[in-house]
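Next come the chains, spelled out residue by residue.
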Number of protein chains: 2
Amino acid sequence: MSSPAATPNPTGPNPTAAVLVIGNEILSGRTKDANLPHIAEKLAGIGVRLREARVVPDVEEEIITALDALRGRYGYVFTTGGIGPTHDDITSACVAKAFGVPLERNAEAVARLERHYGDPSKLNEARLRMANIPAGASLIDNPISAAPGFRIGNVFVMAGVPNIMQAMLDGVLPQLEGGPDLHARTVACELAEGQIAADLGALQDRYADLEIGSYPYFRNGFFGVSLVLRGTDETRVVAATEELAGIVLRLGGTPNVTVGTKG
Amino acid sequence: MSSPAATPNPTGPNPTAAVLVIGNEILSGRTKDANLPHIAEKLAGIGVRLREARVVPDVEEEIITALDALRGRYGYVFTTGGIGPTHDDITSACVAKAFGVPLERNAEAVARLERHYGDPSKLNEARLRMANIPAGASLIDNPISAAPGFRIGNVFVMAGVPNIMQAMLDGVLPQLEGGPDLHARTVACELAEGQIAADLGALQDRYADLEIGSYPYFRNGFFGVSLVLRGTDETRVVAATEELAGIVLRLGGTPNVTVGTKG
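Residues numbered from 1 in each chain as written. Chains lettered and ligands numbered in written order. Predicted model: local features only at pLDDT ≥ 70, side-chain atom pairs only at ≥ 80, totals over all residues. Heavy atoms only, no water.

Per an unreviewed UniProt entry, chain A goes by Competence/damage-inducible protein A and derives from Azospirillum argentinense.

Shown next, in the form of structure tokens:
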């Protein structure tokens, strides 16, 4: 009984990724992170599997340690937060340190800020800090407020403000090498997890190449469960979905099948 | 330019904590985690500082590695997810492995499930799995759906469904050793971060015992910034807040001061 069941979680040929959320405000409970689910969905859409996320405070050692752990392990790392003009914005300097390169004032970044602020007196030293970029990095466009993110190696450094981060990510996605499409179906029903668990486990055993998840819900006054099947082979996903719908019917439930992971 | 400014982030005498979110559904983007901000706020309320969070998939090796890293480093670790009846619920078995103890069918947990389900035929083997608890752990009450969480060492294992997790946490909080109250003030104003950054950095230097954060916002058609000051010495927090309000006024802004980290 001491050995957990092996849970298949195949990444197969799909590139992997991690997210590093940087900011005291997430850990203090002040701010609810909205970036992780957005990045997760966008990556899934191009066949990149998000495999880990971490949240660390605005502390140099914490940022560097987490970044090094993640960039050594996953295909892509996306950071959010800490690239603004204030004293607590230390992400760019930390990334430079992690990569062992100098943090330099980037001429193209300065030019973008000059265009954005117009009046040179507005482009003060604090704002110019946002043009400090690790040597060798390439800029990530910021169509909202000009101050760029950057890519260095497999690390993409983006803003924490959600609409800016989203715009940056839209620009980045075409640069990524995606993987085979991830196909998903959701079978929702008003059975309890415990009623279907045995059959679901047996189904997972027969479809070890798929990832089958079970998520209980309480909606509109009813308890139920959403069963999500994911994999790169659509015919296998569809076959498992049909089997699962049959199981739900046999147990007295009404399967509601949708494409995707919602539902 | 290659060395980031030291960012004070004093934990002082406050106990520290980490959160480990377990579940493929968070990394696939299917489910937005709602537990981290809730735990963060509750911990801050008793003077415990949340210092890190990680999200890992339902994979034994990932869960154990993350758990061991976090429990060795922080005073408390709170896990969410993976303690239900289905094949992808492997948290309890992983925690047992991490602690090197057997996973045992817990008599008290079985009794609670028996009371909850009433009809013995409903308490099938899948549901009984929820009574498998690492040896030596103490149970965490689940007033919603009976199946308990548990505490072992400095690790608190809780459900992933938010209302169940919240009820479990309410039961756990009185068991924790809290720390000195964390006092916070927020100064919001319609200045841009870049306008106030230099003065804010100088203020942080003078109040190295406080944590001062700067969070830009766009609300009701206006850009602005919320400046958050946190620390255990309320007189210092209040003094820094007054100085900051003065700075905002001098720069032509209108400081809106509130107690707490919101605003």
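Continuing now.
Concerning the sheet that holds strand S10 (residues 211–219) of chain B
Residues and elements named next belong to chain B. Rules: Two strands are said to pair when DSSP picks up at least two bridges between them. The numbering of helices and of strands both runs from the N terminus, where a helix is a DSSP run of H or I of at least 4 residues and a strand a run of E of at least 2. Angles shown run from 0 to 180 degrees and are taken between the N-to-C directions of axes, each axis being a line fitted to C-alpha atoms and, for helices, limited to the stretch in contact. When checking whether two residues touch, look at their non-hydrogen atoms; a contact exists if any pair is within 4.5 Å.
Taken together, the four strands give an open sheet; going across it, the order is S10-S11-S9-S12, and neighbouring strands pair in antiparallel fashion. In this open sheet, the two strands that pair with only one neighbour each are S10 and strand S12 (256–259). Here the average twist between neighbouring strands, direction ignored, is 20°. Pairing geometry for S10 and strand S11 (residues 222–231), over nine bridges, is antiparallel. In the strand pairing of S11, Ile212 is matched with Leu229. Lying over the sheet, helix H9 (residues 234–250) contacts strand S9 (183–189), S11 and S12, oriented at roughly 5° with respect to S9.

Comments concerning the packing of helix H3 (residues 60–71) of chain B against helix H4 (residues 91–99) of chain B
Residues and elements named next belong to chain B. What counts here: In these notes the angle categories are as follows: under 35 degrees is roughly parallel, over 145 is roughly antiparallel, 65 to 115 is roughly perpendicular, and the rest is oblique. Crossings are classed by handedness, with left-handed meaning an anticlockwise turn of the near helix from the far one by less than a right angle and right-handed meaning a clockwise turn. Lys, Arg, Asp and Glu make up the charged group, whereas Ala, Val, Leu, Ile, Met, Phe, Trp, Tyr, Cys and Pro make up the nonpolar group; the residues left over, Gly among them, are polar.
The interhelical angle for the contact between H3 and H4, taken along N-to-C directions, is 55°, at an axis separation of 9 Å. On the basis of their axis angle, the class for H3 and H4 is oblique. Crossing geometry of H3 relative to H4 is assigned as right-handed. Together, Glu60, Ile63, Ile64, Leu67, Asp68 and Arg71 of H3 and Cys94, Val95, Lys97, Ala98 and Phe99 of H4 make up the contact between the two elements. Taken together, the residues of the contact of H3 with H4 sort by class into seven nonpolar, no polar and four charged.

Looking at the packing of aromatic side chains
Residues and elements named next belong to chain A. Here is the rule we go by: Each aromatic pair joins two rings of Phe, Tyr and Trp (for Trp, the six-membered one) with centres within 6.5 Å, and gets the label stacked for planes under 30 degrees apart, edge-to-face for over 60, and tilted for any other angle. Burial classes: relative accessible area under 20% of the type maximum marks a residue as buried, over 50% as exposed, and values in between as partly exposed (1.4 Å probe, protein chains only). Placement of a charge over a ring requires the Lys NZ or Arg CZ to be within 6 Å of the ring centre, with the centre-to-atom vector within 35 degrees of the ring normal.
Taken as a whole, this structure holds six aromatic pairs over all chains when the rule is applied. Taking 6.3 Å as the distance between ring centres and 50° as the angle between the ring planes, the aromatic pair formed by Tyr76 and Phe78 counts as tilted. Both residues of the pair, Tyr76 and Phe78, count as buried. For Phe78, a relative accessible area of 0% gives the class buried. Members of the aromatic cluster, joined through ring pairs, are Tyr76, Phe78 and Phe156. Lying over the aromatic face of Phe99, Arg71 brings its terminal NZ or CZ to 3.9 Å of the ring centre.

A word on the side chain of Glu62 of chain B
Threshold: Nitrogen and oxygen atoms within 3.5 Å of one another constitute a polar contact, given that in protein one can donate a hydrogen and the other can accept it, and given that sequence-neighbouring residues count only through two side-chain atoms.
Examined against the element boundaries, Glu62 of chain B turns out to sit in helix H3. Judged by relative accessible area, which is 11%, Glu62 of chain B ranks as buried. A polar contact is formed between the side chain of Glu62 of chain B and the side chain of Arg73 of chain A, at a distance of 2.5 Å. Leaving out residues up to four positions away in the same chain, Glu62 of chain B has contacts with Arg73 and Tyr74 of chain A together with Val56 and Pro57 of chain B.

Quick look at the interface of chain A and chain B
Basically, it comes down to this: Using a 1.4 Å probe, buried area is obtained as the accessible area two parts lose upon being combined, added over both of them. Salt bridges are identified by distance alone: a Lys or Arg side-chain nitrogen within 4 Å of an Asp or Glu carboxyl oxygen.
Each partner contributes to the interface: chain A provides 72 residues, whereas chain B provides 72 residues. Across the chain A to chain B interface the summed buried area is about 5,900 Å²; carbon plus sulfur atoms make up 57%. Remark: the boundary between chain A and chain B carries two salt bridges. For the salt bridge of Glu62 of chain A with Arg73 of chain B, the shortest nitrogen-to-oxygen distance reads 2.6 Å. Summed over the shared surface of chain A and chain B, the result is 18 residue pairs in polar contact (both at pLDDT 80 or more). For the side of chain A that touches chain B, the element with the most residues is helix H8 (residues 193–206) of chain A, which contributes eight residues. Classifying every residue of the side of chain A that touches chain B by side-chain character gives 31 nonpolar, 20 polar and 21 charged.

A few points about the relation of the copies chain A and chain B
Our working rule: Alignment of the copies relies on least squares applied to C-alpha atoms, considering only residues that score at least 70 for pLDDT in both.
Taken as rigid bodies, chain A and chain B are interconverted by a rotation of 180° and an axial shift of 0.0 Å, the fit giving an RMSD of 0.0 Å. Such a turn and shift between the copies fits a two-fold axis. It is Arg54 of chain A whose C-alpha, among those of chain A, lies nearest the rotation axis, at 2.2 Å. Here 100% of the contact residues of chain A are again contact residues in chain B; the copies associate through an equivalent surface.

Things to note about the environment of Asn220 of chain B
Following the sequence through the fold, Asn220 of chain B ends up in the loop between S10 and S11. Of the residues examined, Asn220 of chain B reaches a relative accessible area of 74% and is grouped as exposed.

Notes on the domain arrangement of chain A
The following threshold applies: Note that domain bounds follow an automatic or database assignment of domains.
As far as domains go, chain A holds domain 1 (16–175) and domain 2 (183–259). Here domain 1 of chain A and domain 2 of chain A have C-alpha centroids that lie 38 Å from each other.

Structural notes on the UniProt feature "domain: MoaB/Mog" (unreviewed entry) in chain A
Put simply, the test is: UniProt positions are given in the numbering used here, feature names are shortened, and annotations may be inferred rather than shown by experiment.
Under the local residue numbering, the UniProt record ascribes the feature "domain: MoaB/Mog" (unreviewed entry) to residues 18–179 of chain A. Across residues 18–179 of chain A, the secondary structure splits into 38% helix and 22% strand, with the terminal C-alpha atoms separated by 15 Å.

A word on the sheet that holds strand S10 (residues 211–219) of chain A
Hydrogen bonds between backbone atoms are what pair the strands of a sheet, whose relative direction is either parallel or antiparallel. Residue and element names in this part refer to chain A. With antiparallel pairing, the four strands of this open sheet are ordered in space as S10-S11-S9-S12. Two strands bound the open sheet, and with one partner strand each, they are S10 and strand S12 (256–259). With strand direction ignored, the average angle separating the axes of adjacent strands in the sheet is 20°. One ladder, built from seven bridges, connects strand S9 (residues 183–189) with strand S11 (residues 222–231); its direction is antiparallel. Counterpart to Val187 in the pairing with S11 is Leu227. On the sheet, H8 packs against S10 and S11 and is oriented at approximately 165° with respect to S10.

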